[in-house]
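# Coordinate analysis (summary)
Each chain, written out:
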Amino acid sequence: MFATLSDRLSDSFKNLRGKGRLSEADIDATAREIRLALLEADVALPVVKEFVAAVKERARGAEVSGALNPAQQVIKIVNDELVTILGGETRRLRFAKQAPTVIMLAGLQGAGKTTLAAKLALWLKDQGSSPMLVAADLQRPNAVKQLQVNGERAGVTVFAPEPGNAQGVEHGGDPVDVARRAIEEARRTLHDVVIVDTAGRLGIDEELMQQAADIRDAVDPDEVLFVVDAMIGQDAVRTAQAFLDGVGYDGVVLTKLDGDARGGAALSIAKMTGKPVMFASNGEKLTDFDLFHPDRMASRILD
Ligand code: GDP
């Protein structure tokens, strides 16, 4: 296991205890440690460069306070900078003035969208909402069934095309039509939130983007959430950018945070897209889900 950023910084400051100000050489040594630690955490290179430059700038200007030694002071600067990039405060869901609120999920196959859809529905239900899940992923053979099973576990209504009929999977049904009909059904049956699960592919492709964009245009979502696996490291940024250009989204959901990913993806995506990470998915159980907390992620990257 790599040394943590906090350890690295403490080590590089060992000889400095009691010394007042940071010299330029101290700052350079610190910057090197931060750079290495962020690269090891899979943060994208341009983000690392900008981050290190910002920390150097702040370290130069920092007044040495009585309470903190230089190592603690730099760690505080790094932490504050991480929290700022990660969005500061947790960004909450925006609900439509007139129900139903429509939330659309987009992302690559395997990112964890279908699981996330059910988690989000359960979370909203626990807060008093009456969500409806919509199976508009007609690409992956098992996706409709999986959403139905998870929806049942969450105790939430699932709107899905009947297998075998014209909208069904077997007939290469039309996900735009399914999504559109689902919104009408939600209005009729007084569900106040509609969560639309869309198809993903293993890689980014034109057709996938077009389909997601068509669903978006048909349902006019209040929130589009980009769902991304935190374990894919450097690839996360490329995927996040492709979905931003192809579909557009309001927020990000990071999945598989129960794995050993250090959180580099969170930092890279937040910085490069400017979109807030809103939710964290951290396990296979439906309750392994929470709001994303920038300060907790900053600690994870540091520690
Ligand atoms: P989709 O193709 O985007 O709909 O992805 P799925 O929801 O089918 O998830 C793909 C796989 O990842 C499944 O085996 C899920 O059980 C698993 N998965 C989803 N979210 C998480 C998570 O937060 N942690 C872990 N460990 N596994 C997850």
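Overview of the structure.

Conventions and cut-offs
- Residues numbered from 1 in each chain as written.
- Predicted model: local features only at pLDDT ≥ 70, side-chain atom pairs only at ≥ 80, totals over all residues.
- Heavy atoms only, no water.
- Helix = DSSP H or I, 4+ residues; strand = E, 2+ residues; numbered from the N terminus.
- Buried < 20%, exposed > 50% of the residue type's maximum accessible area, 1.4 Å probe, protein only.
- Areas by Shrake-Rupley, 256 points an atom, 1.4 Å probe, with all protein chains shown as cover.
- Lys, Arg positive; Asp, Glu negative; His and termini not counted.
- Charge placed at Lys NZ, Arg CZ, Asp CG, Glu CD.
- Pairing = 2+ DSSP bridges.
- Near = heavy atom within 4 Å.
- Polar contact = N/O pair within 3.5 Å; in protein donor to acceptor, adjacent residues only side chain to side chain.
- Right-handed = clockwise from strand over helix to strand, strands pointing away.
- Contact = heavy atoms within 4.5 Å.
- Axes fitted to C-alpha atoms, helices over the stretch in contact; angles between N-to-C directions.
- Phe/Tyr/Trp six-rings, centres within 6.5 Å; stacked < 30°, edge-to-face > 60°.

### Concerning the overall build of the protein chain
Tallying secondary structure elements over the protein chain gives 11 helices and eight strands in all. Referenced to the eigenvectors of the C-alpha coordinate spread, the extents of the protein chain come out at roughly 75 × 35 × 30 Å. Each of the 303 residues in the protein chain was classed as buried or not, and the buried ones make up 53%. Accessible surface computed for the protein chain: about 13,700 Å², of which carbon and sulfur atoms make up 48%. Computed over 36 positive and 44 negative side-chain charges, the inter-centroid distance for the protein chain is 4 Å.

### A look at the pairing of strand S1 (residues 101-106)
Burial within S1 is extensive, with six of its six residues counted as buried. Along S1, one buried face is formed by Thr101, Ile103 and Leu105 and the opposite face, lined by Val102, Met104 and Ala106, is buried too. Sheet analysis places S1 next to strand S4 (residues 193-198), joined by five bridges and oriented parallel. Within S4, the position partnered with Val102 by the bridge is Val194.

### A look at the site of the ligand
With respect to spatial proximity, 17 residues lie near the ligand, and among them Gly110, Thr114, Thr115, Asp258 and Glu284 are the closest. Backbone polar atom of Gly112 to an oxygen atom of the ligand: 2.9 Å apart, as the coordinates give it. One of the backbone N or O atoms of Lys113 is found 2.8 Å from an oxygen atom in the ligand. Look at the ligand: alone it shows 580 Å² of surface, and the protein chains cover 80% of it. For the shell around the ligand, the element with the most residues is helix H5 (residues 113-126), which contributes four residues.

### A closer look at unusual backbone geometry
Of the consecutive residues Ala99 and Pro100, the connecting peptide bond is found in the cis state with omega at 0 degrees. Relative to the elements of secondary structure, Pro100 occurs in the loop between helix H4 (70-85) and S1. The backbone of Asp220 shows a phi angle near 45 degrees, a positive value even though the residue is not glycine. Relative to the elements of secondary structure, Asp220 occurs in the loop between helix H8 (206-219) and strand S5 (223-229).

### Here's the deal with the pairing of S5
Successive residues of a regular strand alternate their side chains across the two faces of the sheet. Most of S5 sits out of view: seven of its seven residues are buried. Side chains of S5 alternate between two faces, with Glu223, Leu225, Val227 and Asp229 and Val224, Phe226 and Val228 buried alike. Examined bridge by bridge, S5 and strand S6 (residues 251-255) share five bridges and lie parallel to one another. Residue Asp229 lies in a different strand from S6, and its bridge partner there is Thr255. The parallel pair S5 and S6, bridged by helix H9 (residues 235-246), forms a crossover whose chirality is right-handed.

### Describing the side chain of His191
Residue placement: His191 occurs in the loop between helix H7 (175-188) and S4. In terms of polar contacts, His191 uses its side chain to reach the side chain of Thr157, at 3.2 Å. Reaching out from His191, the side chain makes a polar contact with the side chain of Thr189 at a distance of 2.9 Å. Excluding anything up to four places from it in sequence, His191 contacts Pro100, Ser130, Pro131, Met132, Thr157 and Ala186.

### Regarding the sheet that holds S6
Spatially, eight strands are ordered S3-S2-S4-S1-S5-S6-S7-S8 in an open sheet, and the strand pairing comes out mixed. Two strands bound the open sheet, and with one partner strand each, they are strand S3 (157-159) and strand S8 (289-291). Going across the sheet, the axis of each strand differs from the next one's by a mean of 25 degrees, ignoring polarity. Contacting S1, strand S2 (131-136), S3 and S4, H7 runs over the sheet at an angle of about 165 degrees to S2. In the packing of H8 onto the sheet, the strands contacted are S1, S2, S4 and S5, and the crossing angle to S1 comes to about 180 degrees.

### What about the packing of aromatic side chains?
A complete count under the given rule lists five aromatic pairs for this structure. Between Phe226 and Phe243, the aromatic rings sit 5.2 Å apart at their centres with planes inclined by 35 degrees, giving tilted as the arrangement. Of this pair, Phe226 sits in strand S5 while Phe243 sits in helix H9, placing them 17 residues apart in sequence. Note on accessibility: Phe226 and Phe243 belong to one class, buried. When the ring of Phe279 is compared with that of Phe289, the centres are 5.2 Å apart and the planes differ by 20 degrees; the resulting orientation is stacked. Separated by 10 residues along the polypeptide, Phe279 in strand S7 (residues 277-281) and Phe289 in strand S8 bring together distant segments of the chain. Each of the two residues, Phe279 as well as Phe289, counts as buried. Clustering of aromatic rings is evident, with ring pairs tying together Trp123, Phe279 and Phe289.

Without other data, these values stay purely geometric and don't point to any function.
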